[in-house]
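Coordinate inspection notes
What follows is each chain in one-letter form.
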Amino acid sequence: MNEGTHTTGQGEHPIDQKVLSLMDRRLETARALADSASEVAAARAALETAQRAYVDSFKQAEKAGWEKKQLTGHLGFEEPGRAPRKRTATPKPATTGQDNTAGNAGDSDGGTGGE
């Protein structure tokens, strides 16, 4: 192989169609992923807005004379403070972060030394 045979504009190489087809599929999946990520972000924002409104409504109900037991027990509403909170990940112990750093720096012992 020489460099001259793989330059653009010299005609089609037999593998070009297969590669382009694979690239097209990857591009389609990346676009679908980007669209889904946008939808998730919008849904999270809508959920946060709805949760804030729910908290406000729950507080207003209490101010209007409803007791928490009535709202949560008899009427079946969830207490706003009990809703799952937004968390990024389970907190990792300090040693795990150090092990990961050491594992990345020295690939030869990183996989077996930390576990």
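Because the structure is a prediction, the values reported are computed rather than measured.

Turning our attention to the overall build of the protein chain. Looking only at helices and strands, the protein chain features 4 helices and 0 strands. Taken as a whole, the protein chain presents about 10300 Å² of accessible surface, with 54% of it coming from carbon and sulfur.

Bringing the confidence of the model for the protein chain into the picture now. Confidence in the prediction of the protein chain, expressed as mean pLDDT, is 78, and 62% of residues score 70 or more. Under a pLDDT of 50 for its full length, residues 97-111 has, in the predicted model, 3 contacts with residues more than four places off or in other chains.

Our next topic: the packing of aromatic side chains. Enumeration according to the criterion identifies 1 aromatic pair in this entry. Consider the rings of Tyr 54 and Phe 58, whose centres lie 6.3 Å apart with planes at 45°: the pair is tilted. Of this pair, Tyr 54 and Phe 58 both sit in helix α1 (residues 16-63), 4 residues apart, which is roughly one turn of the helix. Assessed through its relative accessible area of 32%, Tyr 54 is described here as partly exposed. Here Phe 58 falls in the buried class, since its relative accessible area comes to 6%.

On to α1, then. Along its 48 residues, α1 runs 70 Å from first to last C-alpha, staying within 8% of the 70 Å computed at 1.5 Å per residue. Downstream of α1 by one or two residues, Gly 65 has phi in the positive range, about 115°.

For the coordinates displayed, the defined rule picks out 2 salt bridges. The salt bridge involving Lys 68 is made with Glu 79; its shortest N-O contact spans 3.3 Å. Placement of Lys 68 in helix α2 (residues 68-74) and of Glu 79 in the loop between α2 and α3 (94-105) is noted, with a sequence separation of 11 residues between them.

A cluster of nonpolar side chains, namely Ile 15, Val 19, Leu 20 and Met 23, defines an oily patch on the protein surface of about 340 Å² accessible area. Along the chain, Met 23 turns up in helix α1. With a relative accessible area of 48%, Met 23 lands in the partly exposed category.

Rules and cut-offs
- Note that residues are indexed from 1 along each chain, following the sequence as it is written.
- Predicted model: local features are reported for residues with pLDDT of at least 70 only, side-chain atom pairs are reported and counted for 80 or more only, and whole-chain, interface and lining totals are derived from all residues.
- As a rule here, side-chain values come from all non-hydrogen atoms in the structure, and water together with hydrogens is ignored.
- Runs of H or I in DSSP of at least four residues are treated as helices and runs of E of at least two as strands, each being numbered from the N terminus.
- Working definition of accessibility: Shrake-Rupley area with a 1.4 Å probe, residue cover restricted to the visible protein chains.
- Within a predicted model, pLDDT stands for the predictor's per-residue confidence, ranging from 0 to 100.
- Working rule for contacts: check all heavy atoms of both residues, and any pair within 4.5 Å makes them a contact.
- Here the aromatic set is Phe, Tyr and Trp, taking the six-membered ring for Trp, and pairing holds for ring centres within 6.5 Å; pairs whose planes are under 30 degrees apart are stacked, those over 60 apart are edge-to-face, and all others are tilted.
- The classification of residues rests on relative accessible area computed with a 1.4 Å probe and restricted to protein chains. Under 20% of the type maximum is buried, over 50% is exposed, and intermediate values are partly exposed.
- Expected helix span is computed as 1.5 Å times (number of residues minus one).
- Here a salt bridge means any side-chain nitrogen of Lys or Arg lying within 4 Å of a carboxyl oxygen belonging to Asp or Glu.
- Each patch is built from residues lacking any salt bridge and having more than 30% relative accessible area; the joining distance is 9 Å for like charges and 5 Å for nonpolar side chains (Val, Leu, Ile, Met, Phe, Trp, Tyr).

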